[in-house]
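Fold and geometry: a report
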Number of protein chains: 4
Amino acid sequence: MNFGSDNCGPAHPAVLDAVIKANSGYQASYGADTVMDGVRAQIREIFEAPEAAVYLVATGTAANSLALSCMAQPWDTVFCSEMAHIQRDECNAPEFYTGGAKLTLAGEGDKLTPEGLKTAITSWVKGDVHVSQRGPLALTQATENGRIYTVAEIEALTTVAKQYSLPTYMDGARFTNALVALGCTPAEMTWKAGVDAVSLGGSKNGCMGVEAVIFFDPSKAWEFELRRKRGAHLFSKHRYLSAQMQGYLTDDLWLATARMANARGAYLSNRLAEVEGANILYEPQVNMIFATLPRATHQKLHAAGAVYGLFEGPLDDGDPNEPLLMRLVCDWSISEAEIDQFIAAAK
Amino acid sequence: MNFGSDNCGPAHPAVLDAVIKANSGYQASYGADTVMDGVRAQIREIFEAPEAAVYLVATGTAANSLALSCMAQPWDTVFCSEMAHIQRDECNAPEFYTGGAKLTLAGEGDKLTPEGLKTAITSWVKGDVHVSQRGPLALTQATENGRIYTVAEIEALTTVAKQYSLPTYMDGARFTNALVALGCTPAEMTWKAGVDAVSLGGSKNGCMGVEAVIFFDPSKAWEFELRRKRGAHLFSKHRYLSAQMQGYLTDDLWLATARMANARGAYLSNRLAEVEGANILYEPQVNMIFATLPRATHQKLHAAGAVYGLFEGPLDDGDPNEPLLMRLVCDWSISEAEIDQFIAAAK
Amino acid sequence: MNFGSDNCGPAHPAVLDAVIKANSGYQASYGADTVMDGVRAQIREIFEAPEAAVYLVATGTAANSLALSCMAQPWDTVFCSEMAHIQRDECNAPEFYTGGAKLTLAGEGDKLTPEGLKTAITSWVKGDVHVSQRGPLALTQATENGRIYTVAEIEALTTVAKQYSLPTYMDGARFTNALVALGCTPAEMTWKAGVDAVSLGGSKNGCMGVEAVIFFDPSKAWEFELRRKRGAHLFSKHRYLSAQMQGYLTDDLWLATARMANARGAYLSNRLAEVEGANILYEPQVNMIFATLPRATHQKLHAAGAVYGLFEGPLDDGDPNEPLLMRLVCDWSISEAEIDQFIAAAK
Amino acid sequence: MNFGSDNCGPAHPAVLDAVIKANSGYQASYGADTVMDGVRAQIREIFEAPEAAVYLVATGTAANSLALSCMAQPWDTVFCSEMAHIQRDECNAPEFYTGGAKLTLAGEGDKLTPEGLKTAITSWVKGDVHVSQRGPLALTQATENGRIYTVAEIEALTTVAKQYSLPTYMDGARFTNALVALGCTPAEMTWKAGVDAVSLGGSKNGCMGVEAVIFFDPSKAWEFELRRKRGAHLFSKHRYLSAQMQGYLTDDLWLATARMANARGAYLSNRLAEVEGANILYEPQVNMIFATLPRATHQKLHAAGAVYGLFEGPLDDGDPNEPLLMRLVCDWSISEAEIDQFIAAAK
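Residues numbered from 1 in each chain as written. Chains lettered and ligands numbered in written order. Predicted model: local features only at pLDDT ≥ 70, side-chain atom pairs only at ≥ 80, totals over all residues. Heavy atoms only, no water.

With that settled, the discussion passes to the relation of the copies chain D and chain A. Superposing the two chain copies requires a rotation about an axis and a translation along that axis. With an RMSD of 0.0 Å, chain D superimposes on chain A once it is rotated by 180° and translated 0.0 Å along the axis. The two molecules are tied by a two-fold rotation axis, judged by turn and shift. No C-alpha of chain D lies nearer the rotation axis than that of D:Gly99, which sits 3.4 Å from it. Of the residues that chain D buries at the interface, 100% are likewise interface residues in chain A, meaning the two copies contact each other through the same surface. (Least-squares fit on C-alpha atoms with pLDDT ≥ 70 in both. Contact = heavy atoms within 4.5 Å.)

All names here are of chain A. Ordered by their spatial adjacency, four strands build an open sheet running β8-β9-β11-β10, and the pairing between neighbours is antiparallel. Only two strands of the sheet have a single partner each, and these edge strands are β8 (279–281) and β10 (309–310). Contacts between helix α12 (residues 253–272) and the sheet are confined to β8, β9 (288–294) and β11 (323–329), with β9 contributing the most and set at about 20° to the helix. (Pairing = 2+ DSSP bridges. Helix = DSSP H or I, 4+ residues; strand = E, 2+ residues; numbered from the N terminus. Axes fitted to C-alpha atoms, helices over the stretch in contact; angles between N-to-C directions.)

Turning to the pairing of strand β6 (residues 197–201) of chain C, a few remarks are in order. Residues and elements named next belong to chain C. Counting buried positions along β6 yields five of five residues, so the element is predominantly enclosed. Inspection of the sheet shows strand β5 (residues 168–171) paired to β6 by two bridges, in the parallel sense. Counted as the bridge partner of Tyr169 is Ala197 from β6. Note that β6 and strand β7 (residues 211–215) share five bridges and pair antiparallel. By the bridge assignment, Gly201 is partnered in β7 with Glu211. (Buried < 20%, exposed > 50% of the residue type's maximum accessible area, 1.4 Å probe, protein only.)

This part covers the interface of chain D and chain A. One widely used convention gives an interface's size as the accessible area the parts lose upon coming together. Taken residue by residue, the interface counts 17 residues in chain D and 17 residues in chain A. Interface area for chain D against chain A, summed over the two sides, is near 1,500 Å², with a carbon-plus-sulfur share of 74%. When residues of chain D are sorted by the area they lose upon contact with chain A, D:Trp75, D:Val129 and D:His130 head the list and together hold 41% of the total. Where chain D touches chain A, the interface holds four residue pairs in polar contact (both at pLDDT 80 or more). In terms of residue count, helix α10 (residues 221–230) of chain D provides more of the side of chain D that touches chain A than any other element does, seven residues in total. (Buried area = accessible area lost by both parts, 1.4 Å probe. Polar contact = N/O pair within 3.5 Å; in protein donor to acceptor, adjacent residues only side chain to side chain.)

Structure representation (structure tokens):
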């Protein structure tokens, strides 16, 4: 009964099989392995972007920070939501990698709006040497609250950015969960909607630890390579990153694991609604549910060994009926039986 | 016939087995996995250091840069050899992670001497606000030229550092190759000889990509954790780093692979001496050989498909007898047959 | 009729006299001049802080950034108001000097409240390696909107900071304007109220370009000296900074110029109230007035050559009655006659 | 008898007169003052560079660090001499401002040679992501040892740099001392000889604290402005920097003070040769003399109150005949009488 995060579950066996298969003989190091050649071609095909620059790193924070550092000068500000992973969960890694760029929080909540973005951008006067200069837009798909930008919403945001000549980065740690929920193509969700660079998360969706960074305009390729090396994120035995991504993309495994996780999320959401006192925030769209449950129910769940994010407290002391906020994440491997067990414990 | 680097070969099957074994069920993320508990205990035992702070990262550059950034202020200078990996091969990662510390090259060649170190340290006047402040000593064991500091040599260097109240970091990318060559204990080669922090390399010696960073004084532990996260080097599915290290340390695999690599290095060195015109630089002590061969011999080797580092050129044009510098590295997996094949091609 | 900023006016003649007086013979450079000895003693006496570390720099941004970089680690967040100079007007200098620390905006407007501060601090969970770590409180006295924290308000804020073991920095670019308005002592407005470090602005109040940075706990002294040199803010001919500050502090000139500027501010505010359509925001407490005037009135003022900050527009096009926001600053040298002329032009 | 540095002496009265003259009425701040308009035009004329971007800062370290940060990426290495001020005397400011670029020391001593530079450049393999990337050449004119590059020597160095597509920066802290010694034009010593950017020192040659930074290709202008502000080096009351530079350049004062300093240097050098046991290193070409004197002579000089740089010691203990290294600098204001007094004390 572990709903702590989609990084608490195991990797998919097919990903490990690809790693084992790659573990034979000699390979050029530092990204020159032949496995990477295949991965690069595969990602370009999936994104319908034959010129794209494609790189692998091992963590989502590395993907975000390195990509943004190619798009923001040290004197710039990135525009993001107040819930953005780059703002809330990366211990100043974006500031570190950009050399001190600022993050401007555009509006409230996890989803940016064109109006909020416009207000944030124009809050910094263009051409004034005293202020932070306008830098890239960063949006997370799916968001940190488990919601999705529609293609039209993405386009509306990048349109605002482009009005001010600003590029857009998409944090795609849960890219595929959003993609299968929307039912669009990777190209439609990214460059066709005005996105300039995106990360394609693997770690949360069946891999051990790999994320692709994709620049649709390859002019930043060499700078990214230098930044990756200087950030100590260039793997010597790179084939093991390549192989994970290869296994992940082969036979549409990435889509299958995301569909599985989303389906379990929907199932859990439906079943959670049966629990007395449950109040589900936002309409769950991928594999994450934010909800409140009465303190007494949390106590039962903890007693039963359930693991999940509890954002309010204390657990042990207070009104048993007080609603406390929780986050539940279904990874690709969770079973309906575990969900049923969780619901049973809550009842 | 690949002698390009010890990062071109495969991981040891036992390391992969440990990864596969760890790929089951749920685990706390970000280093709180139970596998890491075992690894921490194991490393503390191996180093006879029950209080040591032990962390894992995926690359040697990350290990070096993060460790040094806990030991050097941005206004300090690190003291290292002119051949040091941190100076020659990390694209300014140490400067990046330390926030702009300088590297002072102490003497010539790959091995520091107490005299050279003392001269370098005293070249920066203590307490003068205008100059780089004296920071940590960084030495590589085994060195970038495949040589070893004896325990006495290490102690002589750390003694100089301590005279100036400076800490010592050991880049142990090839720690185990040196250890088995010296036949001493990890404690003797590190903290008993005055080393304050060390990296224990796994990637070059049988793992896919994992290095341990060990601080014998744990007071820097929390700072290291923050720097690792901020540097984007904290793995979410950390169990896969832990498992590699677990497999590596179990049943003395790490010692076995290093012994194997060193033995092949000795074999290659002996056989290379048979080749006409071969001139072996330094006495090979671990798994690396620096040598010159006539251009014509290099041409034969390349024609036969041999892979190795050629540092002088051009290969195709010039006096066939001109000696050109090469580096040959034997990883744990190379066979005597491949060496024989290489020698045959050279003859 | 220049109300653009208190940095548009001239330096006080007595400050220049001190500079001329210091321009004779030889002096040790880099802060070891004898003039600085006197300044240090004078500031310690004024602040009743015999142990304080006292340094001079030439710009307010340097004072803020260097001081904060001694108080915030790169992985920390500074807490400040959304109007703070360090947030709005320094082109990411605080981020640069701290090595990438974040600024968390605590509440709305120019004045922090204990509740807003507490909410901001607790928004970052202590001891969580993923989030920005809690760093110093930074408040501006007088604020960017020309308002003042009372001593009790300062104490209430630093009390919250201390509850979380966080230090407090006061940006005192207009320290003296606030001081004379409150009628308290420098000690009461700073360390007695819980402030750990403060800048004492000279540039806006009669000097050419000098700010003192004062640490009441001198343990950061050497770090500040290193950061100042590394930031290229240590003057070789430091005597010219010292002399300005000496002239500024002698015979209470600093108090006199601030009183003059505040008095002119009050006079301007009173007279502005006579202008039809004038709407004065906040109660002006020092030498700055924020007000709206109808567009038509702004047009008349511009035609008459008045200089001031106009924050809304366009000036030339739109409803003549639409109120547009302006900022008026009285520097120490502005005359009542100029104010009268300004009011006449507005009528 | 102060030969400590050319920053120990006073500013020239004409510079202060210009400051006093500028201290009247209102001026736009942050470099938009009308005095700066004149200075910009004057410098462009002096350098025969009508398009040049011209900026003022207050310290030589700021000039060097800011200029280099516009020319070197964080993953680059700057090439300089082992005696370069940026290497020896700036407490890692260049590393700080460039975001962690490395300094590669090209050859021995204070003067670079084309061969040494070429060796240094080619020591970093172009296009290898693992190594520091090749960045700008930085040379100091006059050098830190008081020597001069001829125009031909400068051209020979920049020619090597250009072969590798690298730009050249000239640290001109003592630009004018070199200029008048060579008897060439500013254009001949800079852009006509291949220099891309230069600092024109004022602080050591008659000003209080001002240096111009000149980019002959103005494409870096806006980046420099942002870096200057972000580095906290943009003066609010900028007119006081402008006025110093204006006074300095008017009526060829800058040339006159440099000639005066150089003449005193020559006089001192000649007279020093009379002192028994004096051994003058390098041929003094500007206003600096490096020489050894017997310990006993140093003792006499110190007893007489002479101030200068003593680089070896101890002063008080040891063989009275042992030669100890000293540096003597003549600033523009030193008199022949003081030199005579110094020589008398040494005899």
